[in-house]
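One-letter residues, chain by chain:
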Amino acid sequence: QVRLVESGGGLVQAGGSLRLSCAASGSGFSINVMGWYRQAPGKQRELVGSIPTDGSTNYADSLKGRFTISRDNAKKTVYLQMNSLKPEDTAVYYCYVQSRRYTTNYDNWGQGTQVTVSS
């Protein structure tokens, strides 16, 4: 079983930065894709960005240039660096990890961390 623990959320003023972290723990699995989603009040959960094992990155078009995803495979950790934050970035941010055990892939979600950007 994969356990994901997120950290780094909080309150920040517009224009500020935050760095989120998500560490995976457990045994008997490998990790494929890691990424971040977010859900604002009254809205559907949306992709922020993802990073597969080859280190390439994929971002929502609206976030390119401000958000950066990275991963540390040795630590089984994915990061989200958020710069030039705007009030519309306010949301609960969820870590996503696709794990693999034998021949089966599993979707794993973090508990969510609140990011609030004040104007």
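Residues numbered from 1 in each chain as written. Predicted model: local features only at pLDDT ≥ 70, side-chain atom pairs only at ≥ 80, totals over all residues. Heavy atoms only, no water.

**Quick notes on the sheet that holds strand S3 (residues 18–25)**
Working step 1: Pairing in this open sheet of 4 strands is antiparallel, and the strands run S1-S3-S8-S7 from one edge to the other. On the outer flanks of this sheet lie strand S1 (3–7) and strand S7 (67–72), each paired with one strand and no other. Neighbour-to-neighbour, the strand axes of this sheet turn through a mean angle of 15 degrees, independent of strand direction.
Working step 2: Where S7 meets strand S8 (residues 77–82), 6 bridges bridge the pair, whose relative direction is antiparallel. What sits directly across from phenylalanine 67, in S8, is methionine 82. (Pairing = 2+ DSSP bridges. Helix = DSSP H or I, 4+ residues; strand = E, 2+ residues; numbered from the N terminus. Axes fitted to C-alpha atoms, helices over the stretch in contact; angles between N-to-C directions.)

**Details of the environment of isoleucine 51**
Working step 1: In this fold, isoleucine 51 is placed in strand S5 (residues 46–51).
Working step 2: Sequence separation of isoleucine 51 and asparagine 73 is 22 residues, and the distance between their C-alpha atoms is 11 Å.
Working step 3: The residues contacting isoleucine 51, other than those within four sequence positions of it, are Asn32, Val33, Met34, Ser56, Thr57, Ile69, Ser70, Arg71 and Val78. (Contact = heavy atoms within 4.5 Å.)

**With respect to the nonpolar core**
Working step 1: Among the nonpolar cores identified, the biggest contains 29 residues, and Trp36, Phe67, Val78, Leu80, Met82 and Tyr93 are the most heavily contacted of them.
Working step 2: Of all elements in the fold, only S3, strand S4 (30–39), S5, S7, S8, strand S9 (91–101) and strand S11 (113–118) reach the threshold of two or more residues within this core. (Core = buried A, V, L, I, M, F, W, Y, C linked by side-chain atoms within 4.5 Å. Buried < 20%, exposed > 50% of the residue type's maximum accessible area, 1.4 Å probe, protein only.)

**Notes on unusual backbone geometry**
Working step 1: Although it is not a glycine, lysine 76 adopts a positive phi angle of roughly 55 degrees.
Working step 2: Within the secondary structure layout, lysine 76 lies in the loop between S7 and S8.
Working step 3: By relative accessible area, which is 28% here, lysine 76 ends up partly exposed.
Working step 4: The phi dihedral of serine 84 is positive, around 50 degrees, even though this residue is not glycine.
Working step 5: The topology assignment puts serine 84 in the loop between S8 and S9.
Working step 6: What makes serine 84 partly exposed here is its relative accessible area of 42%.

**Re the pattern of salt bridges**
Working step 1: Enumeration according to the criterion identifies 4 salt bridges in this entry.
Working step 2: Between arginine 38 and glutamate 46 there is a salt bridge whose closest N-O contact spans 2.7 Å.
Working step 3: According to the relative accessible area criterion, arginine 38 is buried, its value standing at 8%.
Working step 4: Since its relative accessible area comes to 36%, glutamate 46 is described here as partly exposed.
Working step 5: When salt bridges that share partners are traced, they join Arg38, Glu46, Arg66 and Asp89 into one network. (Salt bridge = Lys/Arg side-chain N within 4 Å of Asp/Glu carboxyl O.)

Purely geometric stuff here, so don't read any function into it on its own.
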